[in-house]
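# Fold and geometry: a report
Here is what each chain is made of, one letter per residue.
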Amino acid sequence: MSRSDVATEGESPLECTDCLDPADAFALVGNETRLSILEALWAADAECVSFSDLRREVGMRDSAQFNYHLQKLTGHFVTQTDDGYTFKHAGEKVVRSVIAGSFTEDPSIEPFPVEGSCYACDGPLEASYEDEQFTIRCQACGQRHGEYGFPPGGLNDRTREELADAFDQRVRHLHCLAADGVCPECNGRMETRIVEDGSCCLGVGLRVDHECAQCEHTLCSAVGLRLLDHSDVVSFHRERGVSLDERPYWTLPWCVSDEYTRVSDRDPLRLEVQIPLAGDELQVTMDEDLTVLETRVDEA
């Protein structure tokens, strides 16, 4: 097998022969007719749509003019086959962004109460939404228990309780992807590091910072958030009558605070998260990549 057939170890397999400059990409879809074509493909029942059916759906009489706009999309946003036209991933992303409201909406929601109490002062918690950021904070002391991006489209047809639940699920999945090295925005390589500088989006000193090497998307969290789906942590709670699937992450102090986390060794770096419950305590040892090395239960 030749070098052109497979990339050598450590070398990127990506070879872009017809790459599109970002400014040109936005210019291509920044046209009402072309956006209508993408939306028509999205709404179509069939996987592939014929030229005539697509033109009819868009409502454009001039066949030559319609073909001009369609060909501008073909290759980067749309694929042409013997059966008609279908989406490429980039085309789907454009339509999904419109549906999500990321380019067209700027809503806000007045604060409303959510389940749980503040780990810092035991005050009541509330949720709010502004500038596409969903935030959980304490009404009494202002301590934040979560602040992450949430596309405006996610607000549609949901009660406040359902919004809080959707935010909880989104945060869990975002951080699982990031900790596994995959950027939740562009699927690029996510790099993870442990930080102890005392400043953070959540006011947590000992924390985890994720940053994408490709698009520079960032996430930060307390160390314990990584453990929400670990089998030993889930079992420890289940055996004591608590289902972690039914508890919003912000109600678990070890997920939002560094009070239960310490650096137990520095060469190599080792982190220890202590999770108390029902008089017992689960101690979890992790390395700098957030891999669980050991768990131990200290029973009362």
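Description of the structure in this document. Values in this document were obtained by computation on a predicted structure and should not be read as measured data. (Residues numbered from 1 in each chain as written. Predicted model: local features only at pLDDT ≥ 70, side-chain atom pairs only at ≥ 80, totals over all residues. Heavy atoms only, no water.)

### Concerning the nonpolar core
When a protein is soluble and globular, its nonpolar side chains tend to lie buried together. In terms of nonpolar packing, the biggest core is built from 54 residues, with Phe 134, Phe 167, Tyr 249, Trp 250, Trp 254 and Ile 275 touching the most fellow members. If you tally residues by element for this core, the top one is helix H6 (residues 160-179), at eight residues. Those residues in contact with Ile 275 that sit more than four places away from it in its chain are Leu 227, Val 233, Phe 236, His 237, Trp 254, Asp 280, Glu 281, Leu 282 and Val 284. Counting 14 residues, the second-largest nonpolar core is a separate cluster that includes Ile 37, Leu 38, Leu 70 and Phe 77. (Core = buried A, V, L, I, M, F, W, Y, C linked by side-chain atoms within 4.5 Å. Buried < 20%, exposed > 50% of the residue type's maximum accessible area, 1.4 Å probe, protein only. Helix = DSSP H or I, 4+ residues; strand = E, 2+ residues; numbered from the N terminus. Contact = heavy atoms within 4.5 Å.)

### Considering the state of the cysteines
What the rule picks out here adds up to zero disulfides. With no disulfide of its own, Cys 118 has Cys 141 as its nearest cysteine by sulfur position, at a separation of 3.7 Å. The exposure class of Cys 118 is buried, given its relative accessible area of 3%. Summary of cysteine pairing: Cys 212 is not part of a disulfide, and the nearest cysteine sulfur, belonging to Cys 186, is at 3.6 Å. (Disulfide = S-S within 2.5 Å.)

### Digging into the packing of helix H2 (residues 32-43) against helix H4 (residues 63-73)
Running from N to C, H2 and H4 point in directions that differ by 70°, and their axes come no closer than 9 Å. When the axes of H2 and H4 are compared, the pair comes out roughly perpendicular. Taken together, the residues of H4 that come into contact with H2 (itself represented by Thr 33, Arg 34, Ile 37 and Leu 38) are Phe 66, Tyr 68, His 69, Leu 70, Lys 72 and Leu 73. In the contact of H2 with H4, the residues fall into six nonpolar, two polar and two charged. (Axes fitted to C-alpha atoms, helices over the stretch in contact; angles between N-to-C directions. Parallel < 35°, antiparallel > 145°, perpendicular 65-115°, else oblique. Nonpolar A, V, L, I, M, F, W, Y, C, P; charged D, E, K, R; others polar.)

### Focus: the pattern of salt bridges
Evaluation of the coordinates by the stated rule reveals eleven salt bridges. Ionic contacts of the salt-bridge type, sharing partners, join the residues Arg 193, Arg 207 and Asp 209 into one network. (Salt bridge = Lys/Arg side-chain N within 4 Å of Asp/Glu carboxyl O.)

Taken by themselves, the reported measurements are silent on function.
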